[in-house]
Amino acid sequence: MSDKHNNWVAWGLLLTLSMIWGSSFILIKTALQVYSPGTVGAVRIVSASVFMLPFAIVSLKKQEKKNWWLLLSVGMLGSLFPSFLFAIAQTRIPSSVAGILNAVTPLFTLILGALFFYNKTHAKTFIGVLFGFVGSVVLIFAGSEGDIQFNSYGLLVVLATVFYATNLNLIKYKMSSLSALTITSLSLLIAGPAALIYLLFFTSFTAKVGVVENSYYSLGAVVLLGVLGTAIALILFNKLVKITSPIFTSSVTYIIPVVAVVWGLIDGEQLYLGHYLGMIFIIVGVYFSNKMTQRGG
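The model shown is predicted, which means the values in this text are computed figures rather than measured ones.

A. Spotlight on the overall build of the protein. Along the backbone of the protein there are 13 helices and 0 strands. The C-alpha atoms of the protein give a radius of gyration of 19 Å, which matches the 19 Å a tight globule of 297 residues would have. Taking the principal axes of the C-alpha coordinates as reference, the protein spans close to 55 × 55 × 45 Å. Of all 297 residues assigned to the protein, the portion counted as buried reaches 48%. Long-range pairs, those at least 24 residues apart, make up 87% of the contacts in the protein between residues at least 6 apart in sequence. Of the roughly 14,700 Å² of accessible surface on the protein, a fraction of 69% belongs to carbon and sulfur atoms. Taken together, the 17 basic and 7 acidic charged side chains of the protein have centroids lying 19 Å from each other.

Structure, rendered in structure tokens:
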């Protein structure tokens, strides 16, 4: 009874997380219809920071000084910088393509872990990395009309995944004594004020909200992204990690691009052969890398 219940809960959490994270790219696209990329990135971080503030207050007094530099790094690399990079990138690439490219995060996590964090990696794992790299290159060169052209904005998404990967390795190898909830709430407590200052003094946010048509609708999209995609999703992910295996948890990586593509198609985006080939290469690469890591790590 208990195992069966946990199994249903696990699948429910997996599908919910996939929908939340897979939908984040279409929410960014919706917000960009009114606001600048800088505004979208800043509002996303501010809303997540405010939502996580009660958790941060509880954890605030318990931290040693040595943890704050790491928390600063996590706040910048895991939240602040990627939020701006994804928003800027999606001014020139479809939301579905951004969602597919995001799937290379586990591959960069693997590479950086092996290079800088002394994580032992099976040699065959890099075959999967190669597949993922090829998929990324195909996507970056896949033009909007099915032709071949270099889109430098795709590199911004790749850079964001490198930041995500660095963040994951820092948490895994340097911050094992802290809970994920503590790390996220305190890192957002650090990133939040910087995002708020940028939002109020360096963007046109205050001039647009409530004035420009659909400004509240677009604002709601990015606030939803911050609260759901950064705060609530973390809580759900932590629960999933506790009741399932790492292999099951990693399945979210394969579903997110599919959800992003579906949303993109619903919104009228067109994908061509190069886009689908890139997605296939990336998903195969992530799958193969995970499989080899679980076997031989």
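B. Molecular detail of helix 8 (residues 180–202). Spanning 23 residues, helix 8 covers 31 Å between terminal C-alpha atoms, matching the ideal 33 Å at 1.5 Å per step. What helix 8 keeps buried is the set Thr 182, Ile 183, Thr 184, Ser 185, Leu 186, Ser 187, Leu 188, Ala 191, Gly 192, Ala 195 and Leu 199.

C. Structural view of the packing of helix 2 (residues 37–60) against helix 8. At a minimum axis separation of 6 Å, helix 2 and helix 8 run at an interaxial angle of 135°. If you check the angle between helix 2 and helix 8, you find them oblique. Like other packed secondary-structure pairs, helix 2 and helix 8 cross with a definite hand, here left-handed. The residue inventory of the contact of helix 2 with helix 8, partitioned by class, reads 19 nonpolar, 8 polar and no charged.

D. Quick look at the pattern of salt bridges. Scanning the entire structure with this criterion turns up 3 salt bridges. The salt bridge partner of Glu 269 is Lys 29, with a shortest N-O separation of 2.9 Å. Pair noted here: Glu 269 is in the loop between helix 12 (252–266) and helix 13 (273–296) and Lys 29 is in helix 1 (residues 2–31), with a separation of 240 residues, a long-range link. Given the relative accessible area of 10%, Glu 269 is considered buried. As a salt-bridge pair, Glu 64 and Lys 66 come within 3.7 Å of each other at their nearest N and O atoms. Residue classification places Lys 66 among the exposed residues on the basis of a relative accessible area of 61%.

E. Molecular detail of the environment of Trp 11. For Trp 11, the position within the fold is in helix 1. With 233 residues separating them along the chain, Trp 11 and Thr 244 place their C-alpha atoms 9.7 Å apart.

F. Quick peek at the environment of Ala 180. The topology assignment puts Ala 180 in helix 8. Every residue in contact with Ala 180, bar those within four places of it in the chain, is listed here: Leu 234 and Asn 238.

G. Representation of the packing of helix 3 (residues 65–89) against helix 8 within the structure. At a closest axis distance of 8 Å, the pairing of helix 3 and helix 8 adopts a crossing angle of 55°. As summarised for this structure, helix 3 and helix 8 are arranged oblique, according to the angle between their axes. The hand of the helix 3/helix 8 crossing is right-handed. On helix 8, the residues that touch Trp 68, Leu 71, Leu 72, Val 74, Gly 75, Met 76, Ser 79, Leu 80 and Phe 84 of helix 3 are Ile 183, Leu 186, Ser 187, Leu 188, Ile 190, Ala 191, Ala 195 and Tyr 198. Taken together, the residues that form the contact of helix 3 with helix 8 break down as 14 nonpolar, 3 polar and no charged.

H. Inspection of a nonpolar patch on the surface at higher detail. Together, Leu 130, Phe 133, Val 134, Val 137, Phe 141, Ile 148, Phe 150 and Leu 155 give the surface a local cluster of nonpolar side chains, amounting to about 760 Å² of exposed area. Top contributing element to the nonpolar patch by residue count: helix 6 (residues 125–141), with 5 residues. One can find Ile 148 in the loop between helix 6 and helix 7 (153–174). The class for Ile 148 is exposed, based on a relative accessible area of 73%.

I. Focus on the side chain of Ser 79. Locating Ser 79 in the fold gives a position in helix 3. Leaving out residues up to four positions away in the same chain, Ser 79 has contacts with Ile 45, Val 74 and Leu 188.

Cut-offs and rules
- Residues numbered from 1 in each chain as written.
- Predicted model: local features only at pLDDT ≥ 70, side-chain atom pairs only at ≥ 80, totals over all residues.
- Heavy atoms only, no water.
- Helix = DSSP H or I, 4+ residues; strand = E, 2+ residues; numbered from the N terminus.
- Rg over C-alpha atoms; globule rule 2.2 N^0.38 Å.
- Buried < 20%, exposed > 50% of the residue type's maximum accessible area, 1.4 Å probe, protein only.
- Contact = heavy atoms within 4.5 Å.
- Areas by Shrake-Rupley, 256 points an atom, 1.4 Å probe, with all protein chains shown as cover.
- Lys, Arg positive; Asp, Glu negative; His and termini not counted.
- Charge placed at Lys NZ, Arg CZ, Asp CG, Glu CD.
- Expected span 1.5 Å × (residues − 1).
- Axes fitted to C-alpha atoms, helices over the stretch in contact; angles between N-to-C directions.
- Parallel < 35°, antiparallel > 145°, perpendicular 65-115°, else oblique.
- Left-handed = near helix turned anticlockwise from the far one by under 90°.
- Nonpolar A, V, L, I, M, F, W, Y, C, P; charged D, E, K, R; others polar.
- Salt bridge = Lys/Arg side-chain N within 4 Å of Asp/Glu carboxyl O.
- Patch = residues over 30% accessible without salt bridge, like charges linked within 9 Å, V, L, I, M, F, W, Y side chains within 5 Å.

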